[in-house]
Amino acid sequence: MERPPSSRTNPETELRPRLDALKAQSLYRRRRLQDSPQQPQARVDGRPMLSFCGNDYLGLANHPEVIAALRDGAERWGVGSGAAHLVNGHSRAHQALEEALAAFTGRPRALLFSTGYMANLGVISALAGRTDTVFEDRLNHASLLDGALLSRARLRRYPHADAQALKRLIDSDPARLIVTDGVFSMDGDLAPLPELATIARDSGAWLMVDDAHGLGVLGHEGRGSLDHFGLGPEDVPILMGTLGKAFGTFGAFVAGSEELIETLIQSARSYIYTTATPPALAEATLASLAITRREHWRRERLTEWIERFRTGATRIGLNLMDSPTPIQPILAGSAEQALAWSAALEAAGLLVTAIRPPTVPEGTARLRITLSAAHTADDIDRLLAALARLPT
Ligand SMILES: Cc1ncc(COP(=O)(O)O)c(C=O)c1O
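Cut-offs and rules
Residue positions are counted from 1 within each chain, in the order its sequence is given. Where totals are concerned, whole chains, interfaces and linings use all residues; where local detail is concerned, this predicted model gives features only for residues with pLDDT of at least 70, and gives and counts side-chain atom pairs only at 80 or more. Calculated side-chain values reflect all of the structure's heavy atoms, with hydrogen atoms and water omitted. Where helices are involved, their axes are fitted lines through C-alpha atoms of the stretch in contact, as for all axes, and angles between N-to-C directions lie from 0 to 180°. Strands here are runs of E lasting at least two residues and helices are runs of H or I lasting at least four, both read from the DSSP assignment and numbered beginning at the N terminus. Roughly parallel means an angle under 35 degrees; roughly antiparallel, over 145; roughly perpendicular, 65 to 115; everything else is oblique. If you view the pair so one helix is near and one far, a crossing is left-handed when the near helix is turned anticlockwise from the far one by less than a right angle, and right-handed when it is turned clockwise. Should any heavy atoms of two residues lie within 4.5 Å, those residues are counted as being in contact. Each residue receives one of three labels: charged for Asp, Glu, Lys and Arg, nonpolar for Ala, Val, Leu, Ile, Met, Phe, Trp, Tyr, Cys and Pro, and polar for the others, Gly being one of them. Note that domain bounds follow an automatic or database assignment of domains. Joining two parts hides part of their accessible area as seen by a 1.4 Å probe, and the buried area is that hidden amount summed over both. Here, a salt bridge means any Lys or Arg side-chain nitrogen found within 4 Å of an Asp or Glu carboxyl oxygen. Strands are treated as partners if at least two bridges between them are detected by DSSP. UniProt positions are given in the numbering used here, feature names are shortened, and annotations may be inferred rather than shown by experiment. In this text, buried Ala, Val, Leu, Ile, Met, Phe, Trp, Tyr and Cys residues form a nonpolar core when linked through side-chain atoms within 4.5 Å. Between buried and exposed lies partly exposed: a residue is buried under 20% and exposed over 50% of the maximum accessible area for its type, with that area taken using a 1.4 Å probe on protein chains only.

Looking at an unreviewed UniProt entry, one finds the protein named 8-amino-7-oxononanoate synthase and attributed to Allochromatium vinosum.

**Observations regarding the packing of helix H2 (residues 64–77) against helix H12 (residues 279–294)**
Between H2 and H12, whose axes approach to 7 Å, the crossing angle comes to 150°. Between H2 and H12, the crossing angle belongs to the class labelled roughly antiparallel. The two elements H2 and H12 cross, and the hand of that crossing is right-handed. Only Pro-279, Ala-280, Leu-281, Glu-283, Ala-284, Ala-287, Ser-288, Ile-291 and Arg-294 of H12 make contact with H2, whose side of the interface consists of Glu-65, Val-66, Ala-69, Leu-70, Gly-73, Ala-74 and Trp-77. Partitioned by chemical class, the residues of the contact of H2 with H12 number eleven nonpolar, two polar and three charged.

**Observations concerning the domain arrangement of the protein**
Domain boundaries assigned for the protein yield domain 1 (27–58 + 296–388) and domain 2 (64–294). Computed from C-alpha coordinates alone, the two centres of domain 1 and domain 2 are separated by 26 Å. At the junction of the two partners, domain 1 supplies 22 residues and domain 2 supplies 22 residues. Note on domain 1 versus domain 2: buried area summed over both sides is about 1600 Å², and carbon and sulfur give 61% of it. The largest contributions to the domain 1 side of the interface with domain 2 come from Leu-58, His-296 and Arg-299, which together make up 31% of the buried area. For the pair domain 1 and domain 2, the interface holds one salt bridge. With its nearest N and O atoms 3.0 Å apart, the salt bridge here joins Asp-187 to Arg-366.

**Quick look at the sheet that holds strand E8 (residues 238–242)**
Reading across the sheet, the seven strands line up as E3-E9-E8-E7-E6-E4-E5 and stay open at both edges, with mixed pairing between neighbours. Strands at the two margins of the open sheet, each flanked by one partner only, are strand E3 (109–113) and strand E5 (154–158). Each strand axis lies, on average, 20° off the axis of its neighbour in the sheet, ignoring direction. Relative to E8, strand E7 (residues 206–210) is paired through three bridges, and the arrangement is parallel. Residue pairing for E8: Val-209 is matched across the bridge by Leu-239.

**Quick word on the UniProt feature "domain: Aminotransferase class I/classII large" (unreviewed entry) in the protein**
Mapped onto the present numbering, the UniProt feature "domain: Aminotransferase class I/classII large" (unreviewed entry) falls on residues 48–387. Secondary structure across residues 48–387 divides into 46% helix and 16% strand, with the first and last C-alpha atoms of the span separated by 19 Å.

**Overview of the nonpolar core**
It is characteristic of soluble globular proteins that their nonpolar side chains tend to be buried jointly. If you look at the biggest cluster of nonpolar residues, it comprises 39 residues, and the most contacted ones within it are Phe-52, Phe-309, Ile-330, Ile-369, Leu-371 and Leu-387. Only H12, helix H13 (296–315), strand E10 (327–333), helix H14 (335–347), strand E13 (365–370) and helix H15 (377–388) provide two or more residues apiece to this core. Looking at which domains feed residues into this core, each of domain 1 (27–58 + 296–388) and domain 2 (64–294) supplies at least three. When neighbours within four sequence positions are excluded, Leu-387 is seen to be in contact with Phe-309, Ile-316, Leu-318, Ile-330, Leu-345, Leu-367 and Ile-369.

In structure tokens form, the structure reads like this:
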């Protein structure tokens with residue numbers, strides 16, 4: 001019911017208490033100001049800092065070949081794409097990148113989306129509708145959960161990485177889609193993809209994997225979680241990947257069959273109703289994809305840093321999670337504790353963000369440490385020394 005004009009408040013007076021409540025719960029978020037490219041040696045809020053919180057796992061975000069490809073791409077194509085892909089924004093550079101991503105993932109087709117968030121919204125809402133059920137891991141990325149909400153399908157969340165629990169749920173409620181992160185973004189662990197693929201096959205559901213944090217990092221030439229487990233398109237027909245993490249650029253893609261990609265072109269609203277990303281960006285991603293595939297040393301170095309970090313962290317008694325990837329969270333519990341640790345590290349010149357609810361479940365606030373091939377052994381040791389001095 002509409003309120004009489006006299007009782008209406010302005011947005012400022014209604015919103016201020018909400019913001020104050022977030023501050024009181026240690027859940028207020030603020031942005032830091034970067035004055036350097038994405039790299040371990042960062043300049044943040046006017047200070048030099050050693051950063052352990054980006055997703056530039058292979059160190060490609062500031063790579064000279066990728067920068068040159070972007071610059072040459074801008075010379076060739078200009079800056080803006082000027083239109084949606086289905087109008088006249090789809091350039092030969094976009095097409096070449098889609099073909100390269102299809103070949104990389106071993107699938108007939110790939111389709112570029114502007115962001116991973118938009119890809120997940122578009123795919124799930126194009127494939128599931130009101131009469132369907134979508135099953136998702138409880139710790140899936142927010143964009144996957146939002147995609148299911150947007151589709152208006154029934155969303156059922158199963159306990160994290162628990163294939164047996166999913167099987168029990170699906171036996172009583174057949175699914176259209178099973179959706180999971182390949183590598184969980186805040187925990188760093190892997191989904192039980194072989195078991196999920198078997199459940200999908202036996203129940204007639206389609207398995208969709210968001211491999212934002214696996215591609216580039218895991219598997220032969222960085223082909224991701226599926227390659228790591230030896231799974232193919234027959235096991236996981238819908239593969240989504242992002243380009244702003246290990247590939248060091250920006251954007252996302254979905255790879256799959258001719259029919260899947262044509263369906264998305266016809267009906268994924270976050271694909272249709274938006275401007276195509278700049279073609280020069282596609283040129284930059286083609287360059288970073290080539291480096292990702294050929295420079296195995298980057299993945300080897302990451303593996304070395306993960307081992308070095310985990311061995312050192314275990315020695316100083318830190319509460320590590322079961323993660324074989326560059327995402328190495330340290331559980332704090334309360335948001336206050338996570339913030340206090342992050343602040344102590346910041347005072348020592350180290351940038352590690354505190355991750356708090358609602359990004360992670362209540363009571364599981366944490367430091368999310370991410371490692372990169374661009375770090376050095378000294379960087380890892382400096383981090384370990386600072387972690388050893390954290391107040392408890
Ligand atoms: C698992 C996962 N999926 C999707 C996304 C969204 O991708 P983008 O940043 O390209 O929107 C992210 C993070 O950003 C992610 O961690």
